[in-house]
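# Observations on the model geometry
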There are 2 protein chains.
Amino acid sequence: MTIEVVKRSLLAVNDRAAEQNRQRLDAFSVLAINLLGGAGCGKTTLLEKLIPRLSRDMRLAVLEGDLATTRDAERIAALNVPVVQLLTEGGCHLTATLVQRGLAKLPLTDVELVFIENVGNPICPTNFDLGEHARIAILSVTEGDDKPAKYGHLFQIADLVVISKIDLLRATDFRVERAVGDIRKLGPDKPVLAFTAADPTTVEPIADWILQWRDRRNVRAGAEHNQAAVA
Amino acid sequence: MTIEVVKRSLLAVNDRAAEQNRQRLDAFSVLAINLLGGAGCGKTTLLEKLIPRLSRDMRLAVLEGDLATTRDAERIAALNVPVVQLLTEGGCHLTATLVQRGLAKLPLTDVELVFIENVGNPICPTNFDLGEHARIAILSVTEGDDKPAKYGHLFQIADLVVISKIDLLRATDFRVERAVGDIRKLGPDKPVLAFTAADPTTVEPIADWILQWRDRRNVRAGAEHNQAAVA
């Protein structure tokens with residue numbers, strides 16, 4: 001009698017789905033950005049401010065991750081962009097499989113950039129590739145300046161760090177230089193931008209970072225395309 | 001040939017260690033309270049205010065959970081109570097096994113109440129029994145009033161809910177009645193208390209709740225003891 005051994009690796013299943021997501025996104029020339037951060041750090045609020053600004057330059061869509069409720073998707077739908085609520089039903093992170101089902105519901109031929117808002121949790125989501133092209137980590141000043149040292153992986157994997165709720169800086173003992181110092185230990189060139197919904201001008205550098213990042217990617221993709229044509 | 005099947009259940013291992021912790025705590029007549037909540041919701045700050053107040057009435061000790069750094073344990077050590085830092089090294093929740101190792105380092109004969117501060121995460125720690133006798137969930141107003149609906153399990157398992165950072169109420173759009181309404185859907189009699197480090201009087205009702213809870217437990221333990229003596 002032969003004994004069949006079936007090993008199920010949660011991360012292997014996830015990584016396979018993530019790779020499929022990336023291929024599907026690339027086939028439609030859609031970029032995806034994964035937004036990560038603790039509960040209530042301001043991920044949805046940042047999207048509410050970014051979306052009207054970026055909509056001038058590109059067609060957007062959103063996948064909204066949460067454990068329960070469709071409250072965040074309702075906030076995004078009010079901005080007239082396609083949105084799908086992904087419910088983990090208690091799960092502590094988004095999986096690439098769930099994102100795959102979300103992507104299937106988006107009109108990808110009419111989209112250039114998908115924001116994927118992860119579950120509010122600074123730990124578990126950092127271990128799950130969703131097939132995204134970039135990651136933005138958000139840290140609110142009300143969470144405390146000790147968080148980059150405690151939740152290092154979140155800031156390590158981020159392409160951009162946004163420090164949010166800076167209108168509350170004076171109401172807290174958050175020291176920006178301490179937080180940024182700990183972030184820069186994880187990545188000396190890591191861009192860090194400040195944001196508050198109370199000051200609309202603070203969304204501009206974040207929108208600019210996204211547009212420049214997109215342009216750099218497009219140039220690179222174009223070069224690869226030309227190289228392929230020459231070869 | 002016999003095939004041996006070894007099933008390793010993470011939760012079963014945890015629950016066994018949790019039961020051992022409870023037995024050990026009970027043998028020393030030590031009560032344990034598990035503090036849970038998101039990153040930066042104010043767990044350590046609440047302890048910093050509770051400890052001097054409760055030290056008048058009982059001998060305390062603290063187990064400080066974090067992914068990395070000993071920063072919280074240093075804050076607690078400054079209050080002159082025994083404290084052990086439990087490091088999960090990236091893990092998203094405390095386990096009963098880690099707590100067991102922490103309890104072994106505390107002078108339990110000289111302690112009446114142990115606070116166990118969990119990892120800053122409103123999701124995963126809610127699934128792991130540590131052997132504690134009560135749970136306090138903390139929600140800061142800066143996290144948003146939608147969190148009880150989104151992170152229901154945290155509030156469901158809590159014996160007491162503390163709404164923290166209420167000095168920032170006016171700086172946010174947090175509606176207390178909305179949050180409390182959603183908490184009460186999960187437990188109609190769930191006690192909810194407001195707290196801010198900026199107003200020392202707000203720690204009093206929380207300290208009172210803990211002392212009354214201890215007295216109720218002691219009365220019950222006494223009654224069980226008398227009943228055992230009669231039988």
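Our subject is the structure listed above.
Residues numbered from 1 in each chain as written. Chains lettered and ligands numbered in written order. Predicted model: local features only at pLDDT ≥ 70, side-chain atom pairs only at ≥ 80, totals over all residues. Heavy atoms only, no water.

### A closer look at the interface of chain B and chain A
Cut-off, in case you're wondering: We call two residues in contact when some of their heavy atoms are within 4.5 Å. Accessible surface is computed with a 1.4 Å probe, and the buried area is the amount of it that two parts give up when combined, taken over both parts together. Any carboxyl oxygen of Asp or Glu within 4 Å of a side-chain nitrogen of Lys or Arg constitutes a salt bridge here. As used in this structure description, the phrase polar contact means that two N or O atoms lie within 3.5 Å; if the pair is within protein, one of them must be able to donate a hydrogen and the other to accept it, and residues adjacent in sequence are counted only when both atoms belong to side chains. Helix and strand assignments come from DSSP, with helices taken as H or I runs of at least 4 residues and strands as E runs of at least 2, each series counted from the N terminus. All amino acids are sorted into three groups, where Ala, Val, Leu, Ile, Met, Phe, Trp, Tyr, Cys and Pro are nonpolar, Asp, Glu, Lys and Arg are charged, and the leftover types, Gly among them, are polar.
The interface of chain B with chain A comprises 29 residues on the first partner and 30 residues on the second. Together, the buried faces of chain B and chain A total about 2,400 Å²; carbon and sulfur atoms form 57% of this surface. Among the residues of chain B in contact with chain A, B:Arg71, B:Ile123 and B:Lys150 are the three that bury the most area, contributing 26% of the side total. Seen at the junction of chain B and chain A, the total is six salt bridges. Where chain B touches chain A, the interface holds ten residue pairs in polar contact (both at pLDDT 80 or more). Among the elements that make up the side of chain B that touches chain A, the one with the highest residue count is helix α5 (residues 147-150) of chain B (three residues). Considered class by class, the residues forming the side of chain B that touches chain A number 13 nonpolar, six polar and ten charged.

### Considering the packing of aromatic side chains
Residues and elements named next belong to chain A. The condition that has to hold: Two rings from Phe, Tyr or Trp (for Trp, the six-membered ring) form a pair when their centres are within 6.5 Å of each other. A pair whose planes differ by under 30 degrees is stacked, one over 60 is edge-to-face, and the rest are tilted. Note on exposure labels: buried denotes an accessible area under 20% of the residue type's maximum, exposed denotes more than 50%, and partly exposed covers the range between, all computed with a 1.4 Å probe on protein chains only.
Applying the stated criterion across every chain yields a total of two aromatic pairs over all chains. Judged by centre distance (6.1 Å) and plane angle (5 degrees), the ring pair of Trp209 and Trp213 falls under stacked. Placement of the pair is Trp209 and Trp213 together in helix α8 (residues 203-230), with a separation of four residues, close to one helical turn. For the pair Trp209 and Trp213, a shared accessibility class is recorded, and that class is buried.

### A few points about the pattern of salt bridges
For the coordinates displayed, the defined rule picks out 35 salt bridges over all chains. Salt-bridge contacts for A:Glu48 lead to A:Arg75; the nearest nitrogen and oxygen are separated by 2.9 Å. Of this pair, A:Glu48 sits in helix α2 (residues 43-54) while A:Arg75 sits in helix α3 (residues 71-77), and the two are 27 residues apart along the sequence. Assessed through its relative accessible area of 23%, A:Glu48 is described here as partly exposed. Linking B:Glu19 and B:Arg22 is a salt bridge whose minimum nitrogen-to-oxygen distance equals 3.5 Å. Remark: B:Arg22 and B:Glu19 occur in helix α1 (residues 10-27); sequence separation between them is three residues, near one turn of the helix. A relative accessible area of 37% places B:Glu19 in the partly exposed class. A relative accessible area of 19% places B:Arg22 in the buried class. Here the salt bridges do not stand alone but share partners, grouping A:Glu48, A:Asp66, A:Asp72, A:Arg75, B:Asp146, B:Lys147 and B:Lys150 into one network.

### Re the state of the cysteines
Put simply, the rule is: Criterion for a disulfide: a pair of cysteine sulfur atoms within 2.5 Å.
Evaluated as defined, the whole model comprises zero disulfides over all chains. Its sulfur unpaired, A:Cys124 is 3.4 Å from the next cysteine sulfur, which belongs to B:Cys124.

### Points about unusual backbone geometry
Residues and elements named next belong to chain A. Positive phi is not limited to glycine here, since Thr69 has a value of about 75 degrees. Looking at where Thr69 falls in the secondary structure, it is placed in the loop between β2 (60-66) and α3. Phi angles above zero are rare outside glycine, and Glu89 is one such case at about 50 degrees. In this structure, Glu89 sits in the loop between β3 (83-87) and α4 (96-103). According to the relative accessible area criterion, Glu89 is exposed, its value standing at 71%.

### Things to note about the packing of helix α1 (residues 10-27) of chain A against α4(A)
Between two packed helices, both the angle of their axes relative to each other and the distance between the axes serve to describe the pair. All names here are of chain A. Note the following rule: To define axes, lines are fitted to C-alpha atoms, for helices over the stretch in contact only, and angles between the resulting N-to-C directions are given on a 0 to 180 degree scale. In these notes the angle categories are as follows: under 35 degrees is roughly parallel, over 145 is roughly antiparallel, 65 to 115 is roughly perpendicular, and the rest is oblique. We call a crossing left-handed when the near helix sits turned anticlockwise from the far one by less than a right angle, and right-handed when that turn is clockwise.
Closest axis-to-axis distance for the α1/α4 pair is 8 Å, and the angle between their directions is 30 degrees. Taken together, the axis directions place α1 and α4 in an arrangement best described as roughly parallel. Regarding α1 and α4, the two cross each other, and that crossing is left-handed. Seen from α1, the contacting residues are Asn14, Ala17, Ala18, Gln20, Asn21, Arg24 and Leu25; seen from α4, they are Ala96, Thr97, Val99, Gln100 and Leu103.

### Re the nonpolar core
For the record, the criterion: What makes a nonpolar core is a set of buried Ala, Val, Leu, Ile, Met, Phe, Trp, Tyr and Cys residues whose side-chain atoms join them at distances within 4.5 Å.
Among the nonpolar cores identified, the biggest contains 61 residues, and A:Leu63 and A:Val114 are the most heavily contacted of them. Apart from the residues within four sequence positions on either side, A:Leu63 is in contact with A:Val84, A:Leu86, A:Val99, A:Gly102, A:Leu103, A:Leu106, A:Val114, A:Phe115, A:Ile116 and A:Glu117.

### Regarding the pairing of strand β5 (residues 134-140) of chain B
Residues and elements named next belong to chain B. Note the cut-off: Pairing between two strands is assigned when DSSP locates at least 2 bridges connecting them.
Across the seven residues of β5, six count as buried, placing the element largely inside the fold. In terms of strand pairing, strand β1 (residues 31-37) meets β5 through five bridges, oriented parallel. Bridged to Leu36 within β5 is Ala137. Note: β5 against strand β6 (residues 160-164), five bridges, orientation parallel. Residue Leu139 lies in a different strand from β6, and its bridge partner there is Ile163.

### Section: the side chain of B:Thr88
Relative to the helices and strands, B:Thr88 is located in the loop between β3 (83-87) and α4 (96-103). Not counting chain neighbours up to four residues away, the residues in contact with B:Thr88 comprise B:Asp66, B:Leu67, B:His93, B:Leu94, B:Leu98 and B:Val119.

### Quick notes on the sheet that holds β3(A)
All names here are of chain A. Ordered in space as β3-β2-β4-β1-β5-β6-β7, the seven strands form an open sheet in which the pairing is parallel. Taken across any chain shown, the strands that pair with only one partner, and hence form the sheet edges, are β3 and β7 (192-194). Taking the axes of each pair of neighbouring strands and ignoring which way they run, one obtains an average angle of 20 degrees across the sheet. With respect to the sheet, α2 is in contact with β1 (31-37), β2, β4 (113-117), β5 (134-140) and β6 (160-164), its orientation differing from that of β4 by roughly 170 degrees. The strands touched by helix α7 (residues 176-186) are β5, β6 and β7; relative to β7, the strand with the most contacts, the crossing angle is about 155 degrees.

Geometric values such as these leave the question of function open.
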